[in-house]
Structures are given as structure tokens and as C-alpha cells.
Amino acid sequence: MSFEIKLPLFEGPFDLLLFFIERDELDINDIPISKITKDFLDYLHNLEKLNIEVASEFILVAATLMRIKSKMLLPRPQLDEEGNEIDPREELVRHLLEYKKYKSVLEELQAMENSQIDKEKRGNINKELRSLAESVNVESEMQDLDLYKLLKVFQNVMERYEIEQNKPRHEVIQFPYTISGQRDFIMYTLRDKQKVPFSAIIEQDKNKIAVIFNFLAILELLQMAMITLHIGEGFNNFWVEKLDEVGEKIEG
């Protein structure tokens, strides 16, 4: 038995984000960044499963959402020159509002275009096409051709071919990491130990992407009050300690 999976196609990443916001009736000025990031990444993963190439602009917005999410997990918020807290979502919201405004205008223009297309055009189109065809003398143009012009055209074609062949190509790699998965991995590591150094967690998987996911998972666990952090010895090292009440829940 075969199953057919259909995914809606979107003109760009902001079109996809607006779809999630309107579908779930979210407040565009107070976006739940964790939920919308998960929905966005799930959509990209489904495209990859269907062997559909993901455009670079979608990957850029996915990275931006992850960056905003990590900023919101940090215990120390960023402040502006006046000492007010900076919302990491502010720039994203501004872009979404601008995109929504232009999209509504484009929809109105599209409706006007469709209305004009439905109207009967004036003039004799067949007569105009014949007139245009008579004004182009192909034999006359062929008489002006020489070897130099042909070689020049060939050179231009080859130059464009070389440019197309040497364009940079980006390869998207699917890593087997998720924040929830690394969160469970860290709590499993703390099962028999009260605390472990962050360097020991890195040693188990030195892949740069794994280190990033482990760090984001630690920030989430810290926000969920399941662990606490202590500054350790050595450069850029700290200890991850399991809170006692969390340990009792896990053991129970």
C-alpha cells in the first residue's frame, strides 16, 4: 500500500511563517518562537524527505529562528543604550509586518490584473502580428553575418557556460540531532552522577553541530529548572549539576 504526501508550496520563508501565524491565530507582535521554530523546521525536514531541494533563503530564516530562540533562552537579556530590554523577535516581527503589507497589495494587484485579462482587447491582433512579421527581414540579417560575429557570439555563450558551471553549490546535510534528544541525553548522563563538566559532554561527541545542540539543550534544561550551572576550572568550562528534586522524580 502506498501513501501520497502533499505539502503546500510557499513563495518564500516569510510566506510560510505567516501561514503558521494565521493558521494558529497567533499574535504577530508576540510570536511563540519555540513553537513556530519547530513548525518551520518540521516543514523543511518533510521537504528533505521528499528529496525537494530547500532554497537557501529558507535555510537562512531557519538559522535566524534558532538564533532568536537561543537568545531568548539566555539568562541575561540584551539591553539598549537606554537600559531597556531588547526583544530578539523585534527585527523578525518588523520584516513579517512589511511582508504582510506588500503581500496584501500584491493580492489586490493580482485581482486587478485578472479583471483586465477577462476584458475583451481592442484592435485586430492577427493583423498586428502579420505587420510585425513583415517588418523583420530574416534574409537581410543573415547577409550581415560574418565569421567574426559568429565567433563573438560563440565566445559569449562559452563565457556564460563557464559562469554557470563555476557557481558555488551548497550541500545541506541532515544531522541526527534535536534539542529534545540532546536534552534527554544530558539527563541520562546525569542519572548516576550529581554533576558533570561540560567538557565531558563534548568528549562524547566532538562534532561542532552536536556541541551546539548540547549547549542549547543545557539552556532549555536551565530554563526548565531541571539543572543548575557552576563555573568550573579551565578555559571556557563549567559544571552541569542535576537539581535534587529532579533527580528524585527521575529515580521514582
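Rules and cut-offs
Residues numbered from 1 in each chain as written. Predicted model: local features only at pLDDT ≥ 70, side-chain atom pairs only at ≥ 80, totals over all residues. Heavy atoms only, no water. 1 Å grid on protein atoms, 1.4 Å probe; cavity = no way out; pocket = protein on both sides within 12 Å on 5 of 7 lines; lining within 4 Å. Points joined across faces, edges and corners; volume = space filled by probe spheres on them. Helix = DSSP H or I, 4+ residues; strand = E, 2+ residues; numbered from the N terminus. Nonpolar A, V, L, I, M, F, W, Y, C, P; charged D, E, K, R; others polar. pLDDT = per-residue confidence, 0-100. Contact = heavy atoms within 4.5 Å. Axes fitted to C-alpha atoms, helices over the stretch in contact; angles between N-to-C directions. Parallel < 35°, antiparallel > 145°, perpendicular 65-115°, else oblique. Buried < 20%, exposed > 50% of the residue type's maximum accessible area, 1.4 Å probe, protein only. Left-handed = near helix turned anticlockwise from the far one by under 90°.

### What to know about the layout of surface pockets
Here is step 1: Looking at the largest pocket, its volume works out to about 1000 Å³.
Here is step 2: Mapped by element, the contributors of at least two residues to the lining of the largest pocket are α2 (33-49), α3 (56-73), α8 (179-189) and α10 (208-223).
Here is step 3: Element by element, the count of residues in the lining of the largest pocket is highest for α2, at 8 residues.
Here is step 4: Split into classes, the residues belonging to the lining of the largest pocket amount to 16 nonpolar, 7 polar and 8 charged.
Here is step 5: Put simply, the second largest pocket is a space of about 270 Å³.
Here is step 6: Looking at the second largest pocket, it is lined by 15 residues, and the ones nearest its centre are T64, R67, I68, E91 and L92.
Here is step 7: Element by element, the count of residues in the lining of the second largest pocket is highest for α3, at 6 residues.
Here is step 8: The residue inventory of the lining of the second largest pocket, partitioned by class, reads 7 nonpolar, 3 polar and 5 charged.

### Some remarks on the confidence of the model for the protein
Here is step 1: Counting all residues, the mean pLDDT for the protein is 77, and 77% of those residues have values of 70 or more.
Here is step 2: Across the protein, element-level confidence peaks in α8 with a mean pLDDT of 89 and bottoms out in helix α11 (residues 244-251) with 54.
Here is step 3: Within the model, the stretch residues 1-7 combines pLDDT values under 50 with 3 contacts to residues more than four positions away or in other chains.

### A short note on the packing of helix α1 (residues 13-23) against α3
Here is step 1: Between α1 and α3, the least distance of the axes is 9 Å, while the angle of their chain directions is 55 degrees. Accordingly, the angle class assigned to the pair α1 and α3 is oblique. In this structure, α1 contributes P13, L16 and L17 to the contact, and α3 contributes E57, F58, V61 and L65.
Here is step 2: Tallied by class, residues from the contact of α1 with α3 come to 6 nonpolar, no polar and 1 charged.

### Things to note about unusual backbone geometry
Here is step 1: In the Ramachandran plot, E25 falls in the positive-phi region, its phi being about 55 degrees despite a non-glycine side chain.
Here is step 2: Looking at where E25 falls in the secondary structure, it is placed in the loop between α1 and α2.
Here is step 3: A relative accessible area of 72% means that E25 is categorised as exposed.
Here is step 4: In this structure, A225 takes a positive phi of about 60 degrees despite not being glycine.
Here is step 5: What makes A225 partly exposed here is its relative accessible area of 43%.

### Overview of the packing of α1 against α2
Packed helix pairs are specified by the crossing angle of their axes together with the interaxial distance, meaning the distance between the axes.
Here is step 1: Interhelical geometry of α1 versus α2 gives an angle of 125 degrees and a closest axis separation of 11 Å. Considering their axes alone, α1 and α2 lie oblique with respect to each other. α1 and α2 meet at a crossing whose hand is right-handed. The segment α1 lies against α2, with P13, L16, L17, F20, I21 and R23 engaging K35, I36, D39, F40 and Y43.
Here is step 2: Across the contact of α1 with α2, the residue classes tally to 8 nonpolar, no polar and 3 charged.

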